[in-house]
Structure formats: C-alpha cells, structure tokens
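Chain by chain, the residues run as shown.
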Amino acid sequence: MTTSRLSVRLSRLLNMIPYFIANPGISAADAAADLGVTTKQLMSDLNQLWMCGLPGYGPGDLIDLSFSEESIEVTFSAGIDRPLRLTSTEATALLVALRSIVEMPGMVDPTAAHAAIAKIESAISGGVRRSNDDALATPVEAPGVATVRSALARQHALRIIYYSASRDVVSERVVDPIRTVLVDDNSYLQGWCREAEGVRLFRFDRIEAATELAEAARPPSHAATEAAASLDLFQDDPAVPLARLRIRGDYGWVLDQYPMHRLAVHPDGSLEATMRFATLDWMARLLLGFGSGVTVLGPPELIAAVRERSNAALAAYRDAGLEELE
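Just so it is clear, the structure is predicted and the values come from calculations on it, not from any experiment. (Residues numbered from 1 in each chain as written. Predicted model: local features only at pLDDT ≥ 70, side-chain atom pairs only at ≥ 80, totals over all residues. Heavy atoms only, no water.)

Caption draft 1: Focus on the overall build of the protein chain. In terms of helices and strands, the protein chain carries 10 helices and 11 strands. For the protein chain, the residues scored as buried account for 32% of the 326 residues in total. For the protein chain, long-range pairs separated by at least 24 residues make up 55% of all intrachain contacts whose partners lie at least 6 apart in sequence. When the accessible surface of the protein chain is summed, it comes to about 19600 Å², and 54% of that surface belongs to carbon and sulfur atoms. (Helix = DSSP H or I, 4+ residues; strand = E, 2+ residues; numbered from the N terminus. Buried < 20%, exposed > 50% of the residue type's maximum accessible area, 1.4 Å probe, protein only. Contact = heavy atoms within 4.5 Å. Areas by Shrake-Rupley, 256 points an atom, 1.4 Å probe, with all protein chains shown as cover.)

Right under this line is the structure:
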C-alpha cells in the first residue's frame, strides 16, 4: 500500500512541472481539482518539488517555484519540461476508456475526444497517421446534448422537454444543471428540478429538446448533499410503493433488465423478487407485457390494477370477435 502511494505521488510530481508551465499563475484550488488531489496535498507536493532537481543539488540545480494558494508559477524547471510518456498498456487502457465514454451522450465533447484518440494512436504508432478510410468518424452529437453541455460549462439554467419512463409522460421542466454522471452504463444530467424542488437525474437519451436560458443556474445550497444521495437511482425509499413478484424460471432475465431485488428461489425454479415503482398505471402495464412469465403477489392495489387491465383486454378481444382464432 505504501509503495503504491509513493509510486502514484512520484508520477504526479513528475507531471506537475509541465502542467504548471502550461498553466502559469493557476490557483492552488483549480490545480488541485485538475490533478485530483486536495489543496493541502498539492501544497505538500509543491514543497517536495522545491527540494528536487539535477545531480549536485545546489541552489542552481533545484527546481524553483513561486507558489501560494492564489498563484503557482515555475521559475526553473531543471529540464522537466515534458510530461511522462504513456506506456503501451496505459495508452491502450486510455484508448479503451475514451472510445467507451465518447459513445455516452453528454459525457464529453466528441470532437475533442476523437482528437485525443487520434493523438494517442499517432503516438503509439510512431507518428503514422490513419488514412481517411481508416479514420473513425466522429459521432454526430444531438443538438439537445450539446445545449446541455454548453449550459453546464457556462453555469446557465436549462429548459428541457423530458420523457419520464417511470410515469410514461413527457413534461417541460426548468433545471439548474449540476453535473453529468455515468450510472449503470447510462449518462445522466444531474440537476435541481425547479418543478419537483429537488435534485433529479435526467437520462440524456430521454431529453427530447433543451434550451439554454440566459439566467444563471441557481441550485439551493443544500443541493450538493442531495446530489450525492441521488446517485443511488433505486434506493430503498419506504415512501415509494414496493411490488412483490413471482418470476417464472425462464423469465429470470428480467432481474438483469429492471431494478429488482431477489428474495428467494423456489423448488420449481421460479424466483420471488421485489421492485419499487412510481405509479400503479406504469407498473401494471409493465407487468402485463411479461404475460404469464411474471405474477403479482402484492400489494393488493397492484394486483387489482393488473387484473382490471387484463379483464379489459380480454373484453376488447371478445368484442372484436377474435376469440374464434384461439
């Protein structure tokens, strides 16, 4: 553990000088955020760098910096002007990550991501550039996604048209964006919804339209605490109704597709599970889609809703004179 921490710190120290040369006068807070450390750790690293340099280690050989929490500048680099080169393993891992995240709407600027991919590939191949036929096409970003990214960067409020799958409705909302997050292979805008008066997650592929407003985003002070808690999309909130279901053995795949919690496996191979839901109407329609593969065990109001919809469907079937086709 100690060796690992020292190795990480050494890599960070070796890259800090080129970073500060490229960002003269940057504040300690901004630099710490970019480098993924606390301001306290950054100041400790800077004090360590002050004692590093070329063999001889006299005053003229040591790295020299002018730094405070307000501004950091390198006055003598001791030759450490370039960041560390990526190993082939590191470059491959970075390429895989970039190619994955560029497919997630809203997470990165696809043009910038593809430019980075091209640079890394060029470095790996020794400067040999792809031909036009081999080059990867930059994905076309949906206008709404680009608008959301712009509003986040400029800290502006948004008006969005959003499809809520849990309620099967399309609504217009004004949102104060906080950040983008990746949860369970889906990208979301996390923001303060003024209509709901709370932090909500909006899946990017369900944002049908977005308009950046001229007014600044103004999430309340307590939104940061709510933002951290809201990342658990399906937290066990007792205020949300809980369905108890019996799932036929050959329908076990539904547990991978929906936020269900398995309770037991019965001798016949069927499974018992629970799932929280927003509205009876939406949950009843979902369960009817599974046919005989999923049986509702509770609560009573959900059983009644499913039975009512089933009977209505059978009545419509009979009225259409289709029972003879059975």
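Caption draft 2: Quick peek at the pairing of strand β4 (residues 169-183). Alignment of strand β3 (residues 156-164) against β4, held across seven bridges, turns out to be antiparallel. Bridge pairing in β4 places I160 opposite R173. (Pairing = 2+ DSSP bridges.)

Caption draft 3: Structural view of the environment of D205. Within the element layout of this structure, D205 appears in the loop between β6 (198-203) and β7 (207-216). A C-alpha to C-alpha distance of 8.6 Å links D205 and V145, two positions 60 residues apart in sequence. A polar side-chain atom of D205 sits 2.8 Å from a polar atom in the side chain of R203. (Polar contact = N/O pair within 3.5 Å; in protein donor to acceptor, adjacent residues only side chain to side chain.)

Caption draft 4: Looking closely at the sheet that holds strand β10 (residues 271-276). Read across the open sheet, the four strands follow the order β9-β10-β8-β11; overall the sheet is antiparallel. The open sheet has two edge strands with one neighbour each: β9 (260-265) and β11 (294-298). Between one strand axis and the next, the sheet turns by 30 degrees as a mean value, whatever way the strands run. In this fold helix α10 (residues 300-319) packs onto β8 (242-247) and β11, with an angle of close to 140 degrees to the strand it touches most, β11. (Axes fitted to C-alpha atoms, helices over the stretch in contact; angles between N-to-C directions.)

Caption draft 5: How the structure looks around helix α4 (residues 88-101). In this model, α4 (14 residues) spans 20 Å end to end at C-alpha, consistent with the 20 Å of a helix rising 1.5 Å per residue. Taken together, the buried residues of α4 touch α5 (110-124). (Expected span 1.5 Å × (residues − 1).)

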